[in-house]
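Each chain is listed here by its residues.
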Amino acid sequence: MLLLREYLQLTKPRVVALLVFCAVIGMFLAVPGMPPWRALVFGTLGIWMASGSAAAFNHLIDERIDKLMARTARRPLATGTLTARQVLVFAIALGALSMLVLALLVNVLTAVLTFGGLIGYALVYTAYLKRATPQNIVIGGLAGAIPPVLGWTAVTGALHPFALQLCLIIFVWTPPHFWALAIFRRDDYARAQVPMLPVTHGVVYTRWHVFYYTVLLVLVTLLPALTGMSGLIYLGGALVLGAGFLYYAVRLLRPPDELFAMKVFNYSIVYLMALFAFLLADHWLAAPMAHQGLQFRPIL
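What you see is a predicted model; the values in this text were computed from it and never measured.

Chemist: Quick one: what's the story with the overall build of the protein, residue by residue and with numbers?
Modeler: In terms of helices and strands, the protein carries 18 helices and zero strands. Its C-alpha radius of gyration of 19 Å places the protein within 12% of the 19 Å reference for a compact globule of 300 residues. C-alpha atoms of the protein, sized along the principal axes, occupy 55 × 50 × 30 Å. In the protein, which comprises 300 residues, the proportion classed as buried is 54%. Long-range contacts, defined here as pairs at least 24 residues apart, represent 75% of the contacts in the protein between residues at least 6 apart.

In structure tokens, the structure reads:
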């Protein structure tokens, strides 16, 4: 039972839960009513397993770094509870199983896109970008932004511009979300020699970049309303949530204490969940109006 808990920890369940939540919202937004049960069940399962596999690869590649950082020092591989071989086998098996589920029980497009996201996070971001540039989280953010696209394609079998809008929102949300954490954990990153922005360019520089990206995020979140994907319910929620994020970003420029960066980080998580919840609420409560906007043809 203890070993099972350690394997579950490899999948970063809290992080993956947020990704899968966004993917499921993408499924519901893709169709006027309930998504087909097959796509909903097996699509969710496949996306969860692929995300968990990518997280396990992250543990494996970051073993040295994890041992040096207080935030990650208790991870199963860092403590020696699990061996590198065990983690590798688990990551490969979970990833392979996810591809089988998606390709055979959902559709090939979703399997291909999910595989691309897995490789993007596990290899491109974790193995290379994370150590190569302070813009790592910006460039590598696309891998973490893809879940709503996967949810959409799982239901429709096609890549739609509205799904890409959802991807863009998460892509722009990722830098201010992660840089807030990086500010608080900058000593950890410096000790592990990871070139996060507050380590290479300083805290003040990073605070301003959190503010810039937050402004951009608020503008990007207007797209679903402007393109007819969503209506006034979503727009009102997005504006209120955006005002809250802007408040935190402005306050972070001259924070009251060191812990305030973590308050920004925690709000960013609530923000994304609430934003996607407003998308779903608008979809259900104003479905006829919202689906008049489904005028763009699928890309694939």
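Chemist: Summarise the packing of aromatic side chains; cite the residues concerned and give the values.
Modeler: For the structure on display, the rule yields 14 aromatic pairs. Between Y247 and Y248 the ring centres are 5.4 Å apart and the planes differ by 75°, which places this aromatic pair in the edge-to-face class. Here a set of aromatic residues connected by ring pairs shows up, and it is made of F245, Y247, Y248, F260, Y267 and Y271. The positively charged end of R251 is found above the aromatic ring belonging to F260, 5.5 Å away from the centroid.

Chemist: So, the nonpolar core: which residues are in play, and what are the values?
Modeler: General note: in soluble globular proteins, nonpolar side chains tend to be found buried as a group. The biggest cluster of nonpolar side chains holds 87 residues, and the ones touching the most others in it are W152, W173, Y271 and F276. Those residues in contact with Y271 that lie beyond four places of it in its chain are W173, L217, T221, L241, G242 and F245.

Chemist: Which residues make up the environment of V20, and what values do they have?
Modeler: Along the chain, V20 falls in helix α2 (residues 13–30). Note on V20: relative accessible area 10%, which makes it buried. Separated by 156 residues in the primary sequence, V20 and P176 place their C-alpha atoms 21 Å from one another. Other than its neighbours up to four places away in sequence, V20 contacts T44 and W48.

Chemist: So what's going on with helix α7 (residues 108–132)? Residues and values would help.
Modeler: Y125 marks where α7 bends most, by close to 50°. Where α7 starts, the residue carrying a side-chain oxygen 3.4 Å from the main-chain nitrogen of L109 turns out to be N107.

Chemist: Explain the environment of R38 residue by residue, including any values.
Modeler: By the element assignment, R38 lies in helix α3 (residues 37–61). Between the C-alpha atoms of R38 and V155, which are 117 residues apart in sequence, the distance is 8.8 Å.

Chemist: Could you give me a rundown of unusual backbone geometry, with the residues and numbers involved?
Modeler: The backbone of K12 shows a phi angle near 50°, a positive value even though the residue is not glycine. Relative to the helices and strands, K12 resides in the loop between α1 (2–10) and α2. A positive phi is found at Q193, a non-glycine position, where the angle reads about 60°. Judged by its relative accessible area of 65%, Q193 falls in the exposed class.

Chemist: Quick rundown of the pattern of salt bridges? Include the residues and the values.
Modeler: In total, this model carries seven salt bridges according to the counting rule given. Across the pair E63 and K67 runs a salt bridge, and its minimum N-O distance is 3.5 Å. Of the two residues, E63 and K67 both sit in helix α4 (residues 63–68), four residues apart, roughly one turn of that helix. The partly exposed category is assigned to E63, whose relative accessible area is 24%. Taking relative accessible area as the criterion, K67 reaches 47% and is therefore assigned partly exposed.

Chemist: Go over the side chain of N136 with me, naming the residues and quoting the values.
Modeler: Inspection of the secondary structure puts N136 in helix α8 (residues 136–139). A polar atom in the side chain of N136 sits 3.2 Å from the backbone oxygen of K130. When sequence neighbours within four positions are dropped, the list of residues in contact with N136 reads Y125, L129, K130, G141, P195 and M196.

Chemist: Now, about a nonpolar patch on the surface: what can you tell me, with residues and values included?
Modeler: Residues M34, I233, F278, W284 and L285 make up a contiguous nonpolar surface patch of roughly 550 Å² in combined accessible area. Among the elements that take part in the nonpolar patch, helix α17 (residues 260–285) stands out by supplying three residues, more than any other. On the secondary structure map, I233 appears in helix α16 (residues 232–253). For I233, a relative accessible area of 33% puts it in the partly exposed group.

Chemist: If you had to explain the environment of F28 to someone new, which residues and values would you point to?
Modeler: Looking at the secondary structure, you find F28 in helix α2. For F28, a relative accessible area of 10% puts it in the buried group. In this structure, the C-alpha to C-alpha distance between F28 and N266, residues 238 residues apart in sequence, is 26 Å. F28 has contacts with G33, M34, P35, L40, L280, H283 and W284, leaving out every residue within four places of it along the chain.

What counts as what
- Residues numbered from 1 in each chain as written.
- Predicted model: local features only at pLDDT ≥ 70, side-chain atom pairs only at ≥ 80, totals over all residues.
- Heavy atoms only, no water.
- Helix = DSSP H or I, 4+ residues; strand = E, 2+ residues; numbered from the N terminus.
- Rg over C-alpha atoms; globule rule 2.2 N^0.38 Å.
- Buried < 20%, exposed > 50% of the residue type's maximum accessible area, 1.4 Å probe, protein only.
- Contact = heavy atoms within 4.5 Å.
- Phe/Tyr/Trp six-rings, centres within 6.5 Å; stacked < 30°, edge-to-face > 60°.
- Lys NZ or Arg CZ within 6 Å of the ring centre and 35° of its normal.
- Core = buried A, V, L, I, M, F, W, Y, C linked by side-chain atoms within 4.5 Å.
- Bend = angle between axes of the 7 residues up to and from the residue.
- Polar contact = N/O pair within 3.5 Å; in protein donor to acceptor, adjacent residues only side chain to side chain.
- Salt bridge = Lys/Arg side-chain N within 4 Å of Asp/Glu carboxyl O.
- Patch = residues over 30% accessible without salt bridge, like charges linked within 9 Å, V, L, I, M, F, W, Y side chains within 5 Å.
- Areas by Shrake-Rupley, 256 points an atom, 1.4 Å probe, with all protein chains shown as cover.

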